[in-house]
Amino acid sequence: MRRALDLAQQGRLTVHPNPRVGCVVVRPAGKGEPSRILGEGYHRRQGMPHAEREALAACVEPPQGATAYVTLEPCCHHGATPPCTEALLQAGIARVVVAVADPFPQVRGKGIELLRQHGVQVDVGLLEEDARYLNRFFFHFHTRGLPWVILKAAVSLDGKLATRTGHSQWITGEEARAHAHEIRAEVQAILAGIQTVLADDPRLTPRPASLPEAGWHPPLRVVLDPELRIPYDAQLLKTVKRAPVRIYCSREVPETLAQALRGRGAEVERTGGTAHRLNLTEVLGSLARSGVSGVLVEGGARIHTAFLEANLVNEVMVYVAPSLIGGKEAPTFYMGRGVDTIQQSMRLERLRRIHLGEDTLIQGILRWRL
Ligand SMILES: NC(=O)c1ccc[n+]([C@@H]2O[C@H](COP(=O)([O-])OP(=O)(O)OC[C@H]3O[C@@H](n4cnc5c(N)ncnc54)[C@H](OP(=O)(O)O)[C@@H]3O)[C@@H](O)[C@H]2O)c1
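Since the structure is predicted, the reported quantities are computational estimates derived from the model, not experimental observations.

1. Comments concerning helix α4 (residues 110-117)
Along α4, the positions that sit buried rather than exposed are Gly111, Ile112 and Leu115. End-on, the buried residues of α4 take up no more than an arc of 100 degrees, which puts them together on one face. Looking at the buried positions of α4, the neighbouring elements they touch are α3 (84-90), β4 (95-98) and β5 (121-124). Two residues or fewer after α4 comes Gly119, characterised by a positive phi angle close to 85 degrees.

Shown next, in the form of structure tokens:
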């Protein structure tokens with residue numbers, strides 16, 4: 001199943017809106033022979049065969065009586081491709097080990113049931129937490145109706161996002177920044193506050209080492225700009241042909257301002273909220289309606305704080321540089337009122353620590369409730 005999870009991960013840039021799925025077909029040990037892998041595969045992209053079919057097609061001998069390890073419950077309905085349960089039954093698979101059941105209430109358990117009705121032994125739950133983690137965007141999106149929110153920032157050792165003058169380029173080194181570009185390529189939206197756009201003039205495009213030739217779409221670039229202060233010569237607008245830009249503004253903004261930005265290729269959407277604070281749940285709901293299942297929130301301090309205070313953050317990725325910036329006016333990753341006692345602090349789960357040159361990425365999940 002570990003191998004199947006690793007394979008599934010290979011589809012991370014191209015399978016959206018489908019889940020990442022891997023499958024390994026194994027001939028179990030018997031008659032003095034050790035168990036062997038007969039074939040393996042993963043779902044490459046939407047419209048392409050599912051992992052089970054890929055693995056069955058790759059088998060080096062007929063998989064009659066073999067065991068299939070699949071990271072997600074096999075589908076039993078006709079979608080873009082025929083049902084996987086059919087392929088497993090036709091191939092004579094005797095046992096299917098499933099990491100996690102399908103999140104869709106309408107189909108959950110149906111694939112498992114159908115296989116069992118046809119005499120296949122089905123075991124569910126092997127490495128279930130890892131399988132949920134692998135597809136955390138997908139599970140969250142389909143169970144909560146909102147995108148999975150990752151807060152991402154580069155900070156100094158004293159937690160500063162920028163200096164007191166607003167200067168922030170670059171807190172971390174090249175390796176950390178290259179890593180962040182890989183993460184950008186995995187989400188469907190990258191979001192920033194207007195102050196960050198004014199201070200840094202970012203492009204918010206993923207620029208990873210390589211991108212797939214097909215099946216990958218540039219993420220939507222999102223700005224929270226209540227009063228539509230974005231300058232017409234902002235990098236975001238200049239690069240609008242390369243990747244779409246959507247600006248959320250308040251309901252009170254004059255239509256002429258919105259039209260002028262639409263004329264420059266941006267989408268402009270009005271949303272609720274109070275002055276200087278757009279309603280983030282509405283923003284996320286709107287992104288979900290556009291099919292966004294994972295959003296990377298790239299600051300600045302006020303936007304991070306607003307997402308944290310609204311309890312809308314699922315995951316945190318902080319690249320920590322071995323530097324000290326200081327200054328009580330300099331923005332920190334999480335401002336706001338803060339908690340009173342250490343016991344009330346938010347803690348990360350499923351921690352990952354990665355050394356990237358002189359910097360360290362600390363990544364974890366804030367609300368492990370998929
Ligand atoms: N190190 C890093 O990784 C990193 C990343 C990003 C940014 N930064 C730095 O952070 C600084 C900018 O941070 P910032 O805190 O000043 O600004 P910000 O968070 O980028 O933007 C804040 C603005 O967003 C708008 N907004 C819309 N809805 C909001 C809501 N619900 N809550 C809060 N604001 C909302 C408001 O605009 P209006 O005022 O127009 O109403 C608000 O002033 C810059 O210096 C930048 O360099 C660092």
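2. Looking at the site of the ligand
Lining the immediate surroundings of the ligand are 27 residues, of which Ala154, Gln195, Thr196, His276 and Arg302 lie closest. Here the ligand has 930 Å² of accessible area as a free molecule, and 92% of this is covered by the chains. Elements with a minimum of two residues in the shell around the ligand: β6 (148-155), α8 (194-200), β12 (277-278) and α12 (301-309). In terms of residues, the shell around the ligand owes the most to one element, α8, which gives five residues.

3. Regarding helix α6 (residues 136-144)
Of the residues making up α6, those classed as buried are Arg136, Phe137, Phe138, Phe139, His140 and Phe141. Check the buried side of α6 and you find it contacts α5 (128-134), β6, α11 (280-289), β13 (294-297), β14 (315-320) and β16 (359-365). Immediately beyond the C-terminal end of α6, within one or two residues, lies Gly145, with a positive phi of roughly 75 degrees.

4. Details of the state of the cysteines
Under the criterion given, the structure shown has zero disulfides. Sulfur of Cys59: no disulfide; nearest cysteine sulfur belongs to Cys23 and is 8.1 Å away.

5. Some details on the packing of aromatic side chains
All chains considered together, the criterion is met by two aromatic pairs. Relative to Phe139, the ring of Phe138 lies with its centre 6.3 Å away and its plane at 80 degrees, an arrangement referred to as edge-to-face. Of the two residues, Phe138 and Phe139, neither departs from the other in class, the shared state being buried. Taken together, the aromatic side chains of Phe104, Phe138 and Phe139 make up a single cluster linked through ring pairs. Sitting over the ring of Phe137, Arg20 keeps its end group 5.8 Å from the ring centre. A cation sits over an aromatic face here: Arg264 above Tyr232, 3.8 Å from the ring centre.

6. As for the nonpolar core
With 37 residues, the main nonpolar core has Cys23, Val25, Leu56, Leu88, Ile93 and Val96 as its most contacted residues. Excluding anything up to four places from it in sequence, Val25 contacts Arg36, Ile37, Leu38, Gly39, Ala55, Leu56, Cys59, Pro63, Ala66, Thr67, Ala68 and Ile93. Counting 34 residues, the second-largest nonpolar core is a separate cluster that includes Ala234, Ile247, Met317 and Ile365.

7. With respect to the side chain of Gln188
Tracing the sequence through the fold places Gln188 in the loop between α7 (174-184) and β7 (189-193). A distance of 3.4 Å separates a polar atom in the side chain of Gln188 from a polar atom in the side chain of His16. Look past the residues within four positions of Gln188 in its chain and what remains in contact with it is His16, Pro219, Leu220, Val292, Ser293 and Gly294.

8. Things to note about the domain arrangement of the protein chain
When its domains are assigned, the protein chain resolves into domain 1 (2-134) and domain 2 (146-365). Look at where the C-alpha atoms of domain 1 and domain 2 centre, and you get two points 36 Å apart. Regarding the contact of domain 1 and domain 2, the summed buried area is about 1,000 Å², with carbon and sulfur atoms giving 50% of it. It is Leu13, His16 and Tyr133 that lose the most area in domain 1 upon contact with domain 2, and together they represent 61% of the buried surface on that side.

9. Quick word on the sheet that holds β4
The strand order across the open sheet built from five strands is β2-β1-β3-β4-β5, with neighbouring strands paired in mixed fashion. The open sheet terminates on both sides in strands that have one partner only, identified here as β2 (36-42) and β5. Ignoring which end each strand starts from, the neighbouring axes of this sheet average 15 degrees apart. Where helix α1 (residues 2-9) meets the sheet, its contacts fall on β1 (22-27), β2 and β3 (67-70), and the angle it forms with β1 comes to roughly 145 degrees. Here α4 sits on the sheet and contacts β4 and β5; the angle it forms with β5, its principal contact strand, is near 150 degrees.

10. Considering the pattern of salt bridges
Tallied over the full model, the rule gives 19 salt bridges. In this structure, Glu186 engages Arg12 in a salt bridge whose closest nitrogen and oxygen atoms are separated by 3.1 Å. With Glu186 in the loop between α7 and β7 and Arg12 in the loop between α1 and β1, this residue pair connects regions lying 174 residues apart in the sequence. Judged by its relative accessible area of 29%, Arg12 falls in the partly exposed class. Salt bridges sharing common partners tie together Arg27, Glu33, Arg36 and Glu61.

11. Observations regarding the pairing of β13
By the alternation rule, side chains of β13 split into Gly294 and Leu296 and Val295 and Val297, which are all buried. Judged from the three bridges that link them, β7 and β13 form a sheet pairing that is parallel. Note that in β13 the partner of Ile190 across the bridge is Leu296.

About the criteria used
- Residues numbered from 1 in each chain as written.
- Predicted model: local features only at pLDDT ≥ 70, side-chain atom pairs only at ≥ 80, totals over all residues.
- Heavy atoms only, no water.
- Buried < 20%, exposed > 50% of the residue type's maximum accessible area, 1.4 Å probe, protein only.
- Helix = DSSP H or I, 4+ residues; strand = E, 2+ residues; numbered from the N terminus.
- Arc of directions from axis to C-beta.
- Contact = heavy atoms within 4.5 Å.
- Near = heavy atom within 4 Å.
- Areas by Shrake-Rupley, 256 points an atom, 1.4 Å probe, with all protein chains shown as cover.
- Disulfide = S-S within 2.5 Å.
- Phe/Tyr/Trp six-rings, centres within 6.5 Å; stacked < 30°, edge-to-face > 60°.
- Lys NZ or Arg CZ within 6 Å of the ring centre and 35° of its normal.
- Core = buried A, V, L, I, M, F, W, Y, C linked by side-chain atoms within 4.5 Å.
- Polar contact = N/O pair within 3.5 Å; in protein donor to acceptor, adjacent residues only side chain to side chain.
- Domains from an automatic or database assignment.
- Buried area = accessible area lost by both parts, 1.4 Å probe.
- Pairing = 2+ DSSP bridges.
- Axes fitted to C-alpha atoms, helices over the stretch in contact; angles between N-to-C directions.
- Salt bridge = Lys/Arg side-chain N within 4 Å of Asp/Glu carboxyl O.

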